[in-house]
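# Structural overview
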Amino acid sequence: MTTSGFVASHAKDAQFERGLRSFFEYRDLGIKHATDGRVVAHVIRSAAGSAFSSQPHLHKTTFQMVYVLKGWIEFEYEGQGRVRLEAGSCVHQPPGIRHRELGHSDDIEMLEIALPAGFATEEVESVQTPG
């Protein structure tokens, strides 16, 4: 039996920091360190007082999912169009799917899990939607 890589993250110790998007704060759940960079898991919430702005982009991942814990968020996805996620909603974003955020509630809180932990984000010109 091994305990290598074991991690526990508790809400009482939570620290949120600015990250990829300036209008969000991210709470690292310790999974990146525990998996030697293979997986990242964090809670994302709206950053008070920050202006929202979203450009079309894609992430160079092998896996990415978002689960909404609180509030709502709306995306535009390549080939899918507008998708609104509310508390309890989950989305799998296939590797390289072009998307952009259209908006979110002030109380948005999401769990995001992605592989690899150090994935790149690339801005693109547009999101191709049906119709």
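Residues numbered from 1 in each chain as written. Predicted model: local features only at pLDDT ≥ 70, side-chain atom pairs only at ≥ 80, totals over all residues. Heavy atoms only, no water.

Here the focus is the side chain of E76. Here E76 lies in strand β6 (residues 72–77). Reaching out from E76, the side chain makes a polar contact with the side chain of R100 at a distance of 2.7 Å. If we ignore the near neighbours within four places in the chain, the residues touching E76 are G81, R82, R98, H99, R100, L102, V127 and T129. (Helix = DSSP H or I, 4+ residues; strand = E, 2+ residues; numbered from the N terminus. Polar contact = N/O pair within 3.5 Å; in protein donor to acceptor, adjacent residues only side chain to side chain. Contact = heavy atoms within 4.5 Å.)

Attention shifts here to the nonpolar core. Nonpolar side chains in soluble globular proteins tend to be buried together. Grouped together as the largest cluster of nonpolar side chains are 14 residues, with contacts concentrated most on F24, V68, I73, L85, I108 and M110. Sort the elements by how many residues they give to this core and β6 lands first, with 3 residues. Discounting chain neighbours no more than four positions away, the residues touching I73 are F24, V68, V83, R84, L85, E101, G103, H104, I108 and M110. (Core = buried A, V, L, I, M, F, W, Y, C linked by side-chain atoms within 4.5 Å. Buried < 20%, exposed > 50% of the residue type's maximum accessible area, 1.4 Å probe, protein only.)

With respect to topology, 6 strands assemble into an open sheet ordered β1-β2-β3-β10-β5-β8, the strand pairing being antiparallel. Edge positions in the sheet fall to β1 (17–18) and β8 (90–92), since each of these pairs with one other strand and no more. Bridging between strand β2 (residues 24–28) and strand β3 (residues 40–46) involves 5 bridges; their strand directions are antiparallel. When the sheet's bridge partners are listed, R27 is paired in β3 with V43. (Pairing = 2+ DSSP bridges.)

Now for the environment of H42. With respect to the helices, strands and loops of the structure, H42 is situated in strand β3. Within the structure, the side chain of H42 is placed 2.6 Å from the side chain of E112, a separation counted as a polar contact.

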